[in-house]
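Structure assessment
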There are 2 protein chains.
Amino acid sequence: MTSKPGPATPAFPCDGGEPLALDNQLCFALYAASRAMTRAYQPMLRDLALTYPQYLVLMVLWEWDAAVARGESPDAGVGALGRRLMLDSGTLTPLLKRMEQRGLVERRRAPRDERVTLVSITEAGRALRPRAQAWVERQLEGAGVSREEVDRLRCQLWQFLGKLGTAG
Amino acid sequence: MTSKPGPATPAFPCDGGEPLALDNQLCFALYAASRAMTRAYQPMLRDLALTYPQYLVLMVLWEWDAAVARGESPDAGVGALGRRLMLDSGTLTPLLKRMEQRGLVERRRAPRDERVTLVSITEAGRALRPRAQAWVERQLEGAGVSREEVDRLRCQLWQFLGKLGTAG
DNA sequence: GCAATTTATATTGTGCACAATATATTTGTG
DNA sequence: CACAAATATATTGTGCACAATATAAATTGC
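So, here is what we can say about the structure in this document. Sequence order as written defines residue numbering, which begins from 1 separately in each chain. Here chains are named by letter from A upward and ligands by number from 1 upward, in the order in which they appear as written. In view of the model being predicted, local features appear only for residues whose pLDDT reaches at least 70, and side-chain atom pairs are presented and counted only at 80 or more, with totals across whole chains, interfaces and linings using the full set of residues. For the side-chain quantities, the full set of heavy atoms in the structure was used; hydrogens and water were omitted.

**Notes on the packing of aromatic side chains**
Ring pairs shown here join Phe, Tyr and Trp side chains whose ring centres sit within 6.5 Å, with only the six-membered ring taken for Trp; geometry is labelled stacked below 30 degrees between planes, edge-to-face above 60, and tilted in between. For the structure on display, the rule yields 9 aromatic pairs over all chains. For the pair Tyr41 of chain B and Tyr55 of chain B, a centre-to-centre distance of 5.9 Å together with 40° between the ring planes defines the contact as tilted. Pair noted here: Tyr41 of chain B is in the loop between α1 (26-40) and α2 (42-48) and Tyr55 of chain B is in helix α3 (residues 52-69), with a separation of 14 residues, a long-range link. Judged on exposure class, the residue Tyr41 of chain B and its partner Tyr55 of chain B are both buried. Site record: aromatic cluster; members linked through ring pairs are Tyr41, Tyr52, Tyr55 and Trp62 of chain A together with Tyr31 of chain B. Our definition puts a charge over a ring when NZ of Lys or CZ of Arg is within 6 Å of the ring centre and also within 35 degrees of the ring normal. Its guanidinium or amino end placed over the ring of Trp135 of chain A, Arg138 of chain A lies 4.7 Å from that ring's centre, counting from NZ or CZ. Secondary structure elements are defined from DSSP: runs of H or I of at least 4 residues count as helices, runs of E of at least 2 residues count as strands, and each element is numbered from the N terminus. Between buried and exposed lies partly exposed: a residue is buried under 20% and exposed over 50% of the maximum accessible area for its type, with that area taken using a 1.4 Å probe on protein chains only.

Next comes the structure, spelled out in structure tokens:
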């Protein structure tokens, strides 16, 4: 057995005394919380046979698919996907190839500009959406966190991210 | 050039209408914020020639080192390190070997229990601490975020993490 | 005292992340 | 039109993360 980290039982003080103490570092809190969140999604991801970043890609493609259904023409290239998820092509290209192998997405060159690779969802990829939605709604009820707390935290994170982008 | 994600300019609504919309997912906010934070540390990490998880390991070892200096005897095995950082041995073992190669840490078997690998810091590893501290303090000033905002966000993240561990 | 179980770490394999670089296409400039 | 610069993606290489498994030492039950 690989030695598991076990339950998270760190002291999490909110004062922030020592600058270099591990628990006082926002970076570690973000890092630990992000991985814990991904772990919390594992039951769903196992059920859908997806990885977490693959699930994120599908969420974007579901949005694009809905936009196309509304008559819009979203930029559906790898670059647009990367800007949306803040991931680069070195991450996305192999990931998309695996998803293409599984029949979840299609990749083809844009006729107008042969440099861009257009990514679109398949019927098999569309079929995962209601299953994911059911999971997420069940999770919202099951977890011991209120909808307000989640919204507040998410909002603060995006504000913080915006400041990191401009000032950092 | 690898297509970079570019500046983070998502719409970050705080209402949370559509349940499956990407920007309404706390998981994505955490994931994006954590990676953005790691990016923000890159200048320091490049200067110290460390990776981000290696820096976290050093922070724990600095704490252990201070505890030893106070006459305490902290559990200094790989398992304790993993519980502290919520990482398992499959991640830590190769990482520690690389740090050992660079002369930053020492690894040896515990005489009392030959199963445990004791990890301790070297003088070269100690020498990085003041340099890191200087960087972190400079960062706190330079970033456009207040100390209070950072503390509040960090506190909320730990509370959230605790609930994920118990209820999720 | 010794087999069965538990505990602690290491190993193997897959899939991200991202830096550095390469390739190919398009666009601007003379 | 030729050709330099810009653009979009792909490739390569390193280092996490983590699941599944293997190995070895310690502990427990009898």
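**Section: the relation of the copies chain B and chain A**
Once chain B is rotated about the relating axis by 180° and shifted along it by 0.0 Å, it coincides with chain A to within an RMSD of 0.0 Å. Such a combination of turn and shift is consistent with a two-fold rotation axis. Note on definitions: a residue-residue contact is assigned when non-hydrogen atoms from the two residues lie within 4.5 Å. Same-surface contact between copies: 100% of interface residues of chain B are shared with the interface of chain A. Alignment of copies: least-squares fit on C-alpha atoms of residues with pLDDT of at least 70 in both copies.

**Considering the side chain of Ser89 of chain B**
Tracing the sequence through the fold places Ser89 of chain B in helix α5 (residues 89-101). Other than its neighbours up to four places away in sequence, Ser89 of chain B contacts Thr2 and Ser3 of chain A together with Val78 and Pro94 of chain B.

**Things to note about the interface of chain B and chain A**
Reports of interface size often rely on the accessible area that becomes lost once the parts have come together. In this assembly, 76 residues from chain B lie in contact with 76 residues from chain A. Contact between chain B and chain A buries roughly 7,700 Å² in total, counting both sides, with carbon and sulfur atoms accounting for 67%. Interface area lost by chain B to chain A is led by Leu20, Arg154 and Trp158 of chain B, which between them contribute 10%. Salt bridge, as used here, is a side-chain nitrogen of Lys or Arg placed within 4 Å of a carboxyl oxygen of Asp or Glu. Taken together, chain B and chain A are joined by 4 salt bridges. Glu149 of chain B is the salt-bridge partner of Lys163 of chain A, the closest N and O atoms lying 3.0 Å from each other. We define a polar contact as two N or O atoms separated by no more than 3.5 Å, with the added condition that, inside protein, one atom must be a possible hydrogen donor and the other a possible acceptor, whereas residues neighbouring each other in sequence contribute only through side-chain atom pairs. The interface formed by chain B and chain A includes 21 residue pairs in polar contact (both at pLDDT 80 or more). Of all the secondary structure elements, the ones that give two or more residues to the side of chain B that touches chain A are α1, α3, α4 (78-85), α5, α6 (123-142) and α7 (147-166) of chain B. For the side of chain B that touches chain A, the element with the most residues is α7 of chain B, which contributes 16 residues. By definition, the buried area sums, over both parts, the 1.4 Å-probe accessible area that each loses when the two are put together.

**Quick look at α5 of chain B**
Residues and elements named next belong to chain B. Across its 13 residues, α5 extends 18 Å between first and last C-alpha, which sits within 8% of the 18 Å expected from 1.5 Å per residue. Every buried residue belonging to α5 is among Ser89, Leu92, Leu95, Leu96 and Met99, and all of these are buried. Relative to the axis of α5, the buried residues are bounded by an arc of 140° and lie together on one face. Among the exposed residues of α5, those pointing more than 90 degrees away from its buried face are Gly90 and Gln101. Considering only its buried residues, α5 is in contact with α3, α4, β1 (105-109) and β2 (117-121). One side-chain oxygen at the N-terminal end of α5 lies 3.0 Å from the backbone nitrogen of Gly90; it belongs to Asp88. In the stretch just after α5, Gly103 is the one whose phi turns positive, near 80°. Helices are assigned an expected span. That span is 1.5 Å times one less than the residue count. By definition, the arc is the one covered by directions from the helix axis to the C-beta atoms.

**A short note on the pattern of salt bridges**
With the rule as written, the count across this model stands at 24 salt bridges over all chains. Taking the shortest distance from any N to any O, the salt bridge between Glu123 of chain A and Arg126 of chain A comes out at 2.8 Å. Of the two residues, Glu123 of chain A and Arg126 of chain A both sit in helix α6 (residues 123-142), 3 residues apart, roughly one turn of that helix. One network of salt bridges, in which partners are shared, links Asp23 of chain A together with Glu63 and Arg84 of chain B.

**Looking at unusual backbone geometry**
Although it is not a glycine, Ala49 of chain A sits at a positive phi angle of roughly 55°. If you trace the backbone, Ala49 of chain A turns up in the loop between α2 (42-48) and α3 (52-69). With relative accessibility at 46%, the residue Ala49 of chain A sits in the partly exposed group. Notably, Met86 of chain B is not glycine yet its phi reads approximately 60°, a positive angle. You can see Met86 of chain B is positioned in the loop between α4 and α5.

**Brief notes about the pairing of strand β2 (residues 117-121) of chain A**
All names here are of chain A. In terms of burial, β2 is largely enclosed, as 4 of its 5 residues are buried. Here strand β1 (residues 105-109) runs beside β2; their pairing, made up of 5 bridges, is antiparallel. Opposite Arg109, over in β2, you have Thr117 as the bridge partner. Pairing between two strands requires that DSSP report at least two bridges joining them.

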